[in-house]
Amino acid sequence: MLHLHHSCLCFRSWLPAMLAVLLSLAPSASSDISASRPNILLLMADDLGIGDIGCYGNNTMRTPNIDRLAEDGVKLTQHISAASLCTPSRAAFLTGRYPVRSGKWHLGLNCESASDHCHHPLHHGFDHFYGMPFSLMGDCARWELSEKRVNLEQKLNFLFQVLALVALTLVAGKLTHLIPVSWMPVIWSALSAVLLLASSYFVGALIVHADCFLMRNHTITEQPMCFQRTTPLILQEVASFLKRNKHGPFLLFVSFLHVHIPLITMENFLGKSLHGLYGDNVEEMDWMVGRILDTLDVEGLSNSTLIYFTSDHGGSLENQLGNTQYGGWNGIYKGGKGMGGWEGGIRVPGIFRWPGVLPAGRVIGEPTSLMDVFPTVVRLAGGEVPQDRVIDGQDLLPLLLGTAQHSDHEFLMHYCERFLHAARWHQRDRGTMWKVHFVTPVFQPEGAGACYGRKVCPCFGEKVVHHDPPLLFDLSRDPSETHILTPASEPVFYQVMERVQQAVWEHQRTLSPVPLQLDRLGNIWRPWLQPCCGPFPLCWCLREDDPQ
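Here the structure is a predicted model, which is why all the values come from computation and not from measurement. (Residues numbered from 1 in each chain as written. Predicted model: local features only at pLDDT ≥ 70, side-chain atom pairs only at ≥ 80, totals over all residues. Heavy atoms only, no water.)

Draft legend 1. Here's a closer look at the pattern of salt bridges. Per the stated rule, a full pass over the model turns up 16 salt bridges. Between Arg229 and Glu222 there is a salt bridge, with its nearest N and O atoms 2.8 Å apart. Looking at Glu222, the relative accessible area reads 2%, which means it is buried. Lys435 is the salt-bridge partner of Glu343, the closest N and O atoms lying 2.8 Å from each other. With a gap of 92 residues between them, Glu343 in helix α8 (residues 343–346) and Lys435 in strand β17 (residues 432–441) connect regions that are remote in the sequence. A single salt-bridge network, built from bridges that share partners, covers Glu343, Arg347, Arg424, Lys435 and Glu481. (Salt bridge = Lys/Arg side-chain N within 4 Å of Asp/Glu carboxyl O. Buried < 20%, exposed > 50% of the residue type's maximum accessible area, 1.4 Å probe, protein only. Helix = DSSP H or I, 4+ residues; strand = E, 2+ residues; numbered from the N terminus.)

Below you can see the structure in the form of structure tokens.
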């Protein structure tokens, strides 16, 4: 049995399956590399645009530590976010033996009660967790950019208006003797309307306490969060874990709260960048990466640790108030987070560093995916990926080491929720990267490059366009997706469409129906399932000292 210690500061949906396989499967003697059993450190930003960091072309943002990772390691320039690639039918949640996570979990917590923790990281492969079990939202800082509060306020106000109208109707009917009713229904409807009106004023405070807290394993340590403490606490947790486990091997996943709104930033970074609060937050995250790298150096772990840095999505273009942009920059690529297949939302940073093993300064333009981390890390841990299901990821080691010249991905499918929006085909014999869009969102207002006025672009319905024929681009010559190819302009148009459609059919035959995890009826927000560290509604506690 492998002995790989995992820690969980924080982590995304494909990680539980990976952690399980890492430790529960038999060792494999497939290569000398995997026999070395490196420590594995996964670093994931939240909604970081590929154009936000220096090593991907930004010369106005100060990101020296992430840039140093790229200089000392391997940089992927066509790295695709798994958030848009995975479909619910691929989900596999297994259990492993020693994972650790720190940061943000973002995969839910409870099922039937406020303490069952059925979705907790420790029930999905981790041995330790420190961080936010839910998502960091603008509502946590009572921002105008709201992801939950405004919607709940609108619903409460609507219900208030309905009940107020009912109460007034009953009163009028009672006084005019047109409605034979006692005063009790009138009183109850009026009281209910007043209660709903009061609730609409306090829903913001409820969300701050119910959603925005820190946990250590199963214990709430801080509710609500004191954001000026959060970054130092996470860094302290990472350093403590690395010191305790420096004799490894270990797997540590650090899922940054950065650079998601509300862009929580310490005072000494505010106003320091050239790009406002968003830039301040990016540069603080880069400083955090530097602190983690320093700890690896001090503990003598740098040469024995494989580091992977990426982001879950591209920058969120809709995070805008007035003329101020609070989301990332996706460089030359069109679109952003949550837009199905447009490159700006799915092409993300991808950097691997393993001193003495991976060639420093190597740049790879082949198509790769966040899903590739699963089989790559499983191999490094000496395990084997499951053989009883389709695994979408590919082992990246040959490509990273330079022993393979091409990616094993011939096709990649790009989903928006469960809807296939686009596909890419790497036609190796021509050196061409074709991109086909079946569905695209309708940008608002007309002529804009995003769905402004919404939190995110829709995946289906009236606000998307189904293209017939599909849109065709040659990313090899047009990475910005600005020139739509037609039968008149592209001689092999129909051959490309036929080959991609065949690949889509073959892909869809491998899918199996499963319950939709994002079902609006089954997974709506239920306040009574929210953890509380005191007698409800007095959810307030501070159980750990300030970071040293």
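Draft legend 2. Structural detail: the sheet that holds strand β18 (residues 464–474). If you walk across this open sheet you meet the four strands as β15-β16-β17-β18, and the pairing is antiparallel. Each edge of the open sheet carries a strand with a single partner, namely β15 (411–416) and β18. Pairs of neighbouring strands in the sheet enclose a mean axial angle of 15 degrees, with direction left out of account. (Pairing = 2+ DSSP bridges. Axes fitted to C-alpha atoms, helices over the stretch in contact; angles between N-to-C directions.)

Draft legend 3. Structural view of the state of the cysteines. For the structure shown, the criterion picks out six disulfides. For Cys416, the disulfide goes to Cys459, at an S-S distance of 2.0 Å. Between Cys416 and Cys459, the S-S dihedral sits near -65 degrees, and the bridge is therefore left-handed. Taken together, the residues span a long stretch of sequence, with Cys416 in strand β15 and Cys459 in the loop between β17 and β18 at a distance of 43 residues. With a relative accessible area of 5%, Cys416 lands in the buried category. Among the residues examined, Cys459 registers a relative accessible area of 10% and is labelled buried. A sulfur-sulfur distance of 2.0 Å marks the disulfide that ties Cys451 to Cys457. When the S-S torsion is 105 degrees, as for the bridge of Cys451 with Cys457, the disulfide is right-handed. The exposure class of Cys451 is buried, given its relative accessible area of 0%. If one numbers only the bonded cysteines of the protein, in the order they occur, the disulfide pattern is 1-2, 3-4, 5-8, 6-7, 9-11, 10-12. (Disulfide = S-S within 2.5 Å.)

Draft legend 4. Spatial organisation of the confidence of the model for the protein. When pLDDT is averaged along the protein, the result is 85; 87% of the residues meet or exceed 70. In the model, residues 1–8 has pLDDT below 50 throughout and makes 61 contacts with residues more than four positions away in sequence or in other chains. A low-confidence stretch, residues 84–98 stays under pLDDT 50, and its non-local contacts, those more than four residues away or across chains, total 63 contacts. (pLDDT = per-residue confidence, 0-100. Contact = heavy atoms within 4.5 Å.)

Draft legend 5. Broad picture of the side chain of Glu222. Relative to the assigned elements, Glu222 resides in strand β7 (residues 219–223). At a separation of 2.6 Å, a polar atom in the side chain of Glu222 contacts the main-chain amide nitrogen of Cys226. For Glu222, the contacting residues outside a window of four places in its chain are Phe213, Leu214, Arg229, Leu233, Cys541 and Leu542. (Polar contact = N/O pair within 3.5 Å; in protein donor to acceptor, adjacent residues only side chain to side chain.)

Draft legend 6. Structural detail: the packing of helix α6 (residues 227–244) against helix α7 (residues 276–298). The geometry of α6 relative to α7 is characterised by a closest axis approach of 10 Å and an angle of 20 degrees between their N-to-C directions. Viewed along their axes, α6 and α7 adopt a mutual orientation that is roughly parallel. With respect to the hand of their crossing, α6 and α7 are arranged in right-handed fashion. Here Thr231, Ile234, Leu235, Val238, Ala239 and Leu242 of α6 come into contact with α7, specifically with Glu284, Trp287, Met288, Arg291, Ile292, Thr295 and Leu296. Residues belonging to the contact of α6 with α7 are distributed by class as follows: nine nonpolar, two polar and two charged. (Parallel < 35°, antiparallel > 145°, perpendicular 65-115°, else oblique. Left-handed = near helix turned anticlockwise from the far one by under 90°. Nonpolar A, V, L, I, M, F, W, Y, C, P; charged D, E, K, R; others polar.)

Draft legend 7. Expanded view of the environment of Leu296. Mapped onto the elements of the fold, Leu296 is located in helix α7. Apart from the residues within four sequence positions on either side, Leu296 is in contact with Leu41, Leu242, Leu301, Ser302, Thr305 and Ile307.

Draft legend 8. Local environment of a nonpolar patch on the surface. A grouping of Leu175, Trp183, Met184, Ile187, Trp188 and Leu191 is seen on the molecular surface, where their side chains present a nonpolar patch of about 670 Å² in accessible area. Relative to the assigned elements, Ile187 resides in helix α5 (residues 183–211). We classify Ile187 as partly exposed; its relative accessible area is 41%. (Patch = residues over 30% accessible without salt bridge, like charges linked within 9 Å, V, L, I, M, F, W, Y side chains within 5 Å. Areas by Shrake-Rupley, 256 points an atom, 1.4 Å probe, with all protein chains shown as cover.)

Draft legend 9. Just unusual backbone geometry, in detail. Backbone torsion omega between Gln223 and Pro224 reads -5 degrees, so that peptide bond is classified as cis. Positionally, Pro224 belongs in the loop between β7 and α6. With an omega of 5 degrees, the peptide bond running from Asp468 to Pro469 counts as cis. Tracing the backbone shows Pro469 in strand β18.

Draft legend 10. Examining the nonpolar core more closely. Membership of the largest hydrophobic core comes to 57 residues, with the highest contact counts inside it found for Leu43, Leu48, Phe256 and Phe309. Counting residues per element, this core draws most heavily on α7, which supplies eight residues. Two domains share this core, each providing at least three of its residues, namely domain 1 (34–136 + 214–409 + 513–542) and domain 2 (142–211). Apart from residues no more than four positions distant in its own chain, Phe256 is found in contact with Leu43, Met44, Ala45, Asp46, Met285, Met288, Val289, Ile292 and Phe309. (Core = buried A, V, L, I, M, F, W, Y, C linked by side-chain atoms within 4.5 Å. Domains from an automatic or database assignment.)

Draft legend 11. Broad picture of the packing of helix α3 (residues 64–72) against α7. It is the contact of α3 with α7, at a shortest axis distance of 7 Å, that shows an interaxial angle of 55 degrees. In terms of orientation, α3 lies oblique with respect to α7. Residues Pro64, Asn65, Ile66, Arg68 and Leu69 of α3 touch α7, and the partners they reach there are Met285, Asp286, Trp287, Val289, Gly290, Leu293 and Asp294. Residues that form the contact of α3 with α7 fall into these classes: seven nonpolar, two polar and three charged.

Draft legend 12. Main features of the environment of Gln228. Structurally, Gln228 is set in helix α6. A C-alpha to C-alpha distance of 5.8 Å links Gln228 and Met266, two positions 38 residues apart in sequence. Other than its neighbours up to four places away in sequence, Gln228 contacts Thr265, Met266 and Glu267. Within the local environment of Gln228, its side chain forms a polar contact with the backbone nitrogen of Glu267, the two atoms lying 3.4 Å apart.

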